[in-house]
Amino acid sequence: MAHVLLRHRDIPDIKKIDVYKKNGGFAAFKNAVAKMTPNEVIDVVKNSGLRGRGGAGFPTGMKWSFIDNKNWPHYVVANADESEPGTFKDRELMEENPFQFLEGLAIASYAVGATVAYVYLRGEFWQLAAALDEKIADMEKAGYLGDNLFGKDYSLRIFTHLGAGAYICGEETALLESLEGKRGQPRVRPPFPPSYGLYGKPTIINNVETFANVPMILANGADWYKSMGTADSAGVKIFSLSGRVRRPGNYELPFGATFRELIYGEKYGAGIQDSRTVKAIMPAGASSSLIVVNGDDKVLDTPMDYATVRTLGADLGSASVIVLDDTVDINWVVNKTVHFFRHESCGKCTTCREGTHWMRNITDRIHGGSGTQGDVDLLLNVAKQMQGKCLCALGEFSTMAVTTGIERFPQDFKKAVKE
Amino acid sequence: MSLEKKHSKEIKQILAKYPSEFKRSAVMPLLHLVQREDGYITKEAMQDIARLLDITETEVASIVGFYTLYHDKQAGKYRMQVCTDLPCALRGADEFMQKLCGNLGIKVGETSEDGTVTLEEVTCLAACDKAPMFQVQGPDGIKYYENMNVDKTVELIETLKHARGEVK
Ligand SMILES: Cc1cc2nc3c(=O)[nH]c(=O)nc-3n(C[C@H](O)[C@H](O)[C@H](O)COP(=O)(O)O)c2cc1C
Ligand code: SF4
Ligand code: FES
């Protein structure tokens, strides 16, 4: 099947504007501005069943319909912070199929009445930001950005903005603070961005991959999109596959494809390195709960959509699937994830700031070989105490591998501690 | 020379991105600009930026302190930042880092004797399928190096030693 998102794999040079145009590019944007009302655009996206690809899976059309039309101006912001360990899909989309993403961003802006849109990129994407600036300039020259687009009373400008290395800026309200020139620390919600966002104005924030779906949905219709995927999760998804597989990389599959297909399919992961077996899967990067596999066929045959993955005790999140084989020690995995979250906690609330600090000290002790079973119990206890008490989801994320690691793989911790 | 004079065109371009009443938004791009110039962010640069944006120097300093890509101290000419986060570590990043340290005769956080590179450890860079990998932060911004090994890295450092500015 031809790709819907990773179209550069079927159409070389689609990152050149004339090639993109020749393959139907910008027709959806033009048709929307010239022939559709903003509400009609929102309805198509609603009917398509598209859900946000940044992790939470919130229905995109519904989010757009929440924009507060009593308060102006409106903004649209693309979340290109992509910092979850194991996630590397937005980068490939922006590098290789940039116009499809930018066209989606433009359509979203028209749909909610924004005349300025920002792309917030993690600071490490320095070269990518420069490349995107060129693509934006190409669009301006070709008349797809600027004033009175397609002869209508609609103007739009897109600007890139570079962060500077902070995972928390992927959280949408921390991102807005950062874009306003402040420390990237989450806001207390409500109010939510569609009523109070950038500069206090109504703002729609979506993930890069979410936007990249939009031109294809408008061009081919909501029913076409819904015909792919499952009833719960419509359409296609890019899975970032990493860890102990033979062929790590980004793979586009319809929702409902199984873990086995992704991990073992010849066109995808092509199996486990050294022909070992799968011990555990983290479907949402470092923020994941650990799914126990231990070679169990039933787990590997589980369809990947938001609802079904939940039955395995984990969230699909941004679908950054990290594969752990039977040589991997879960105690080491937990040590790695805790170090990550300790480093990335923004420090705004005490529970997360102190909790990640203590979890790090305890896991270092256990991992360093000087821990006791009491330390393992204490680690689990600290993680549980943090849950439900943090201002943003990062605090919660930091505990997921800890609690599910200790509860689902107790033997790995027993082995690590002194009798 | 003041920041405004030296980079007037770039500063104008940066400020044009944001509504004039919210020019504070330009603080991050301006910090990137001065860091590119000096390799780190000097006190004078912070003062310049504060004046330009009508905010206090303390506010600028608190931004510098919050984000890991800004540095207020000089290090080697290039910062070589190896990702050792979980997905990369599952593909040999820790061993790569160890070997690299051995080869250069320095520990993580230290600078090579000739001042060319400072070796650092960082969290995920969105290149998990191409480990071992690192980014090089230097006078010309940030560049990724993927699917690396120790030999290729040592070769790269040799090139960097003789490079003037431009990361090749
Ligand atoms: C700590 C944290 C980090 C996040 N990082 C990202 C990210 O890098 N990219 C992203 O699109 N969403 C990220 N999110 C989710 C965003 O807050 C937000 O839900 C998303 O951008 C909305 O877009 P969507 O509806 O298209 O998914 C993060 C959330 C949290 C709590
Ligand atoms: S939970 Fe952690 S990251 Fe989120 S606001 Fe609190 S301290 Fe910051
Ligand atoms: S873990 Fe190293 S780039 Fe993602």
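Everything here concerns the structure above.
Since this is a predicted model, take the numbers as computed values, not measurements.

1. Overview of the site of ligand 1
All names here are of chain A.
Phase 1 of the analysis: Around ligand 1, 19 residues are found, and the nearest of them are Gly54, Asn79, Asn206, Asn207 and Thr210.
Phase 2 of the analysis: Within the side chain of Lys63, a nitrogen or oxygen atom sits 2.9 Å from an oxygen atom of ligand 1.
Phase 3 of the analysis: Thr210 is positioned with one of its side-chain polar atoms (N or O) 2.7 Å from an oxygen atom of ligand 1.
Phase 4 of the analysis: When isolated, ligand 1 has an accessible area of 610 Å², and the protein chains bury 90% of it.
Phase 5 of the analysis: Broken down by secondary-structure element, the contributors of at least two residues to the shell around ligand 1 are strand 4 (203-207) and helix 17 (393-408).

2. Things to note about the pattern of salt bridges
Phase 1 of the analysis: The full count for this structure, using the stated rule, is 39 salt bridges over all chains.
Phase 2 of the analysis: The closest approach of N and O atoms between Lys15 of chain A and Glu96 of chain A, which form a salt bridge, is 3.6 Å. Placement of Lys15 of chain A in the segment before helix 1 (17-22) and of Glu96 of chain A in helix 5 (residues 89-96) is noted, with a sequence separation of 81 residues between them.
Phase 3 of the analysis: Given a relative accessible area of 32%, Lys15 of chain A falls into the partly exposed group.
Phase 4 of the analysis: The partly exposed category is assigned to Glu96 of chain A, whose relative accessible area is 28%.
Phase 5 of the analysis: Across the salt bridge formed by Arg91 of chain A and Glu146 of chain B, the nearest N and O atoms sit 2.9 Å from each other. Residue Arg91 of chain A is found in helix 5, and its partner Glu146 of chain B is found in the loop between strand 4 (141-145) and helix 8 (150-162); the two belong to separate chains.
Phase 6 of the analysis: By relative accessible area, which is 9% here, Arg91 of chain A ends up buried.
Phase 7 of the analysis: Overlapping salt bridges, with partners in common, bring together Arg53, Lys89, Asp90, Glu209 and Lys237 of chain A in one network.

Conventions adopted
- Residues numbered from 1 in each chain as written.
- Chains lettered and ligands numbered in written order.
- Predicted model: local features only at pLDDT ≥ 70, side-chain atom pairs only at ≥ 80, totals over all residues.
- Heavy atoms only, no water.
- Near = heavy atom within 4 Å.
- Polar contact = N/O pair within 3.5 Å; in protein donor to acceptor, adjacent residues only side chain to side chain.
- Areas by Shrake-Rupley, 256 points an atom, 1.4 Å probe, with all protein chains shown as cover.
- Helix = DSSP H or I, 4+ residues; strand = E, 2+ residues; numbered from the N terminus.
- Salt bridge = Lys/Arg side-chain N within 4 Å of Asp/Glu carboxyl O.
- Buried < 20%, exposed > 50% of the residue type's maximum accessible area, 1.4 Å probe, protein only.

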